[in-house]
Amino acid sequence: AQRVTQPEKLLSVFKGAPVELKCNYSYSGSPELFWYVQYSRQRLQLLLRHISRESIKGFTADLNKGETSFHLKKPFAQEEDSAMYYCALSGSSGSARQLTFGSGTQLTVLP
Amino acid sequence: DVKVTQSSRYLVKRTGEKVFLECVQDMDHENMFWYRQDPGLGLRLIYFSYDVKMKEKGDIPEGYSVSREKKERFSLILESASTNQTSMYLCASRTGTPTYEQYFGPGTRLTVT
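Residues numbered from 1 in each chain as written. Chains lettered and ligands numbered in written order. Predicted model: local features only at pLDDT ≥ 70, side-chain atom pairs only at ≥ 80, totals over all residues. Heavy atoms only, no water.

**A word on the overall build of chain B**
Scanning chain B from terminus to terminus reveals zero helices and 11 strands. From first element to last, N terminus to C terminus, chain B shows the α and β order β-β-β-β-β-β-β-β-β-β-β. What you see for chain B is a C-alpha radius of gyration of 13 Å, in line with the 13 Å of a compact globule of 113 residues. With the C-alpha coordinates aligned to their principal axes, the bounding extent of chain B is approximately 40 × 30 × 25 Å. The 113 residues of chain B split such that 50% are buried. Put simply, of all contacts in chain B between residues at least 6 apart along the chain, 55% involve residues at least 24 apart. Side-chain charges in chain B split into 16 positive and 15 negative, and the spacing between the mean points of these groups amounts to 5 Å. (Helix = DSSP H or I, 4+ residues; strand = E, 2+ residues; numbered from the N terminus. Rg over C-alpha atoms; globule rule 2.2 N^0.38 Å. Buried < 20%, exposed > 50% of the residue type's maximum accessible area, 1.4 Å probe, protein only. Contact = heavy atoms within 4.5 Å. Lys, Arg positive; Asp, Glu negative; His and termini not counted. Charge placed at Lys NZ, Arg CZ, Asp CG, Glu CD.)

Structure representation (structure tokens):
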């Protein structure tokens, strides 16, 4: 079975401070990991995926297979980063290829 | 630009009513999904479909059914709505490749009284 854990339901940081949203996963094969974001009154959208190894809106995430983690990081948080963030995993075969989402972290960036 | 639309933004139904939630996508995507989104629980997959007339149960299919008669349309059906089905329902679509992103609709906030 595949599982995604986001240990923080709520996270508050001040503008300009670094931010890290934690994500740990459980999956026996080779997973594909994603971060999705939902801004207030907007639809859920993809922020980044680990296979792209890209930085989006200043956010990066590195897949650490040893620690089974995919934490989302940004060195200097902005107020517009306030949103709900979901980590998601897709397995490598069969029904595991569907996305499994974590419970989400509500990020608030304070002025 | 991919567009996923859902028939209603807000819906209020009574216990025992049959409820239809409609989802339409305009990008010829093979895969479509229905999730419910609850605080503290994240998104949970109800049903998904790989192609027309094809459906698979997700993690929480009990109390729900689906229909996909056309490629662009995926309907979620609550045969007899109950109060514990009060939730936000999200539809999504995707190409056939799992590493590609899922595109989400705006959601339907269903309240069952």
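The discussion continues.
**Description of unusual backbone geometry**
With phi around 55°, A:Lys57 is a residue other than glycine that occupies positive phi space. Along the chain, A:Lys57 falls in the loop between strand 6 (45-49) and strand 7 (60-61). With a phi angle near 65°, B:Lys53 is a residue other than glycine that sits in the positive phi range. Its location among the elements puts B:Lys53 in the loop between strand 5 (42-49) and strand 6 (56-57). B:Lys53 sits in the exposed class, given a relative accessible area of 60%.

**Some words on the pattern of salt bridges**
Residue and element names in this part refer to chain A. Counted under the stated rule, the structure contains nine salt bridges over all chains. Across the pair Lys73 and Glu20 runs a salt bridge, and its minimum N-O distance is 3.6 Å. Residue Lys73 is located in strand 8 (residues 72-74), and its partner Glu20 is located in strand 3 (residues 19-21); the two are separated by 53 residues in the primary sequence. A cluster of three or more residues bridged by salt bridges with shared partners is formed by Glu20, Lys22 and Lys73. (Salt bridge = Lys/Arg side-chain N within 4 Å of Asp/Glu carboxyl O.)

**Regarding the confidence of the model for chain A**
Taken as a whole, chain A shows an average pLDDT of 91; of its residues, 95% reach a score of 70 or greater. Confidence, expressed as mean pLDDT per element, reaches its minimum in chain A at strand 10 (residues 99-101) of chain A with 90 and its maximum at strand 11 (residues 105-110) of chain A with 98. (pLDDT = per-residue confidence, 0-100.)

**A short note on the pairing of strand 11 (residues 108-112) of chain B**
Residue and element names in this part refer to chain B. The alternating pattern of strand 11 places Thr108, Leu110 and Val112 on a buried face, while none of Arg109 and Thr111, on the opposite face, is buried. Judged from the three bridges that link them, strand 9 (residues 87-94) and strand 11 form a sheet pairing that is antiparallel. Opposite Ser87, over in strand 11, you have Leu110 as the bridge partner. (Pairing = 2+ DSSP bridges.)

**A short note on the sheet that holds strand 1 (residues 4-6) of chain B**
Adjacent strands of a sheet pair through backbone hydrogen bonds, lying either parallel or antiparallel. Residues and elements named next belong to chain B. The sheet built from four strands is open, its strands ordered 1-3-8-7 with antiparallel pairing. Two strands close off the open sheet at either side, each with one partner strand: strand 1 and strand 7 (65-70). Recorded for the sheet is a direction-independent mean angle of 20° between the axes of neighbouring strands. (Axes fitted to C-alpha atoms, helices over the stretch in contact; angles between N-to-C directions.)

**Observations regarding a positive patch on the surface**
On the surface, A:Arg43, B:Lys3, B:Arg9 and B:Arg109 cluster together to form a positively charged patch. Along the chain, A:Arg43 falls in the loop between strand 5 (32-38) and strand 6. The exposure class of A:Arg43 is partly exposed, given its relative accessible area of 32%. (Patch = residues over 30% accessible without salt bridge, like charges linked within 9 Å, V, L, I, M, F, W, Y side chains within 5 Å. Areas by Shrake-Rupley, 256 points an atom, 1.4 Å probe, with all protein chains shown as cover.)

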